[in-house]
Amino acid sequence: MALPFFYKEEIKREDSTIVLNEETSRHIAQVLRMQNGEQVQLTDGAGNLFTAEITDNNKKRCAANIISTSFHQPSSRKITIAISLLKNAHRFEWFLEKATEIGVSEIVPLICERTEKQHFRQDRMKGILVSAMLQSQQTWLPLLHEPVKFTSFINQARNGQKFIAHCEEDARQQLIKEIDPAASQVLLIGPEGDFTKVEIEDALQHQFVAVSLGDTRLRTETAGVVAATLLKFS
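Fair warning: this is a prediction, and the values are worked out from it, not measured in the lab.

> Hey, could you go over the packing of helix α2 (residues 89-102) against helix α3 (residues 122-135) for me, with residue numbers and the actual values?
Each pair of packed helices gets described by two things: the angle between the helix axes and the distance between those axes. Orientation of α2 relative to α3, taken along the N-to-C sense of each, is 35°, at an axis distance of 8 Å. The way α2 lies across α3 gives a crossing that is right-handed. Each of Phe92, Glu93, Leu96, Glu97, Thr100 and Glu101 in α2 lies in contact with α3, whose residues at this interface are Arg124, Met125, Ile128, Leu129, Ala132, Met133 and Gln135. Grouping the amino acids of the contact of α2 with α3 by side-chain chemistry returns seven nonpolar, two polar and four charged.

Structure follows, in structure tokens:
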């Protein structure tokens, strides 16, 4: 049976003993009822995986000794999904969860002309990423950026292949699954109502390539997951 898997930010590789936060400690001591001498696995979300033995199963400050450490190299392909915030926060959170499970490298919340909601709780969103990372047994936590205006983002996005997926028939090109993979890829996903024509033209002028995700019109969060999947496994 796999060892229980938890997250602790910024574990130092030279540490021999670590103390876990109250939420993780309570889960270990009260939910799983783990005892001293039992083992857990921990990741810092930066590729490091630690096996540790519980030495004090305190429900508020559980302590454990690190037994072994390994490092998992990141994927050579960096995939960034820049996606509009959504009026329905639960739908955006669903996208964050699934994108993390798929293995996206970075997520950029966009504020576009037609973006209806701009409120963003960074702490809650990061918690969703952490839960999805642990559920999918990964050691790399996606980098979640603060929301940024569409024009600012396309001006600063420079490296790798750059794509924009939209619903305008006259400018779309080939299916994204037919694009040759690269080490770094960025894809823009618009809000409900799509990008404006001005935004699409602006992106094209900044060397973003218009692509299609298929023959059906997708919700924003679904488009984000489809795009992440096609890029990750192409």
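There is more to say, and it comes next.
> Give a detailed account of the sheet that holds strand β5 (residues 63-71), specifying residues and quantitative values.
Strand order in the open sheet formed by five strands is β1-β3-β4-β5-β2, and the pairing between neighbours is mixed. Sheet topology places β1 (5-7) and β2 (17-19) at the edges, where each strand pairs with a single neighbour. In this sheet, neighbouring strand axes are inclined to one another by 40° on average, regardless of whether the strands run parallel or antiparallel. In this structure, strand β4 (residues 48-56) lies alongside β5, joined through eight bridges in antiparallel fashion. Residue pairing in the sheet places asparagine 48 in a bridge with phenylalanine 71 of β5. Along the sheet face, helix α1 (residues 22-31) touches β1, β3 (39-43) and β4 and points at about 160° away from the line of β1. Contacting β1 and β3, α3 crosses the sheet at an angle of about 155° to β1.

> I'd like a description of unusual backbone geometry, backed by residues and values.
You will see that glutamine 137, though not glycine, has its phi angle at about 55°, which is positive. Here glutamine 137 shows up in the loop between α3 and β8 (143-144). The class of glutamine 137 is partly exposed, set by a relative accessible area of 46%. At aspartate 194, a position not held by glycine, the phi torsion is positive, near 75°. For aspartate 194, the location among the structural elements is in the loop between β11 (184-189) and α5 (197-205).

> Summarise the pairing of β11; cite the residues concerned and give the values.
When you tally the buried positions in β11, you get six out of six residues, the bulk of the element. Burial along β11 is two-sided: Ser184, Val186 and Leu188 and Gln185, Leu187 and Ile189, pointing in opposite directions, are all buried. Bridge count between strand β6 (residues 78-84) and β11: six bridges; the pairing is parallel. From the neighbouring strand, alanine 82 faces β11, where its bridge partner is leucine 188.

Cut-offs used in this document
- Residues numbered from 1 in each chain as written.
- Predicted model: local features only at pLDDT ≥ 70, side-chain atom pairs only at ≥ 80, totals over all residues.
- Heavy atoms only, no water.
- Axes fitted to C-alpha atoms, helices over the stretch in contact; angles between N-to-C directions.
- Helix = DSSP H or I, 4+ residues; strand = E, 2+ residues; numbered from the N terminus.
- Left-handed = near helix turned anticlockwise from the far one by under 90°.
- Contact = heavy atoms within 4.5 Å.
- Nonpolar A, V, L, I, M, F, W, Y, C, P; charged D, E, K, R; others polar.
- Pairing = 2+ DSSP bridges.
- Buried < 20%, exposed > 50% of the residue type's maximum accessible area, 1.4 Å probe, protein only.

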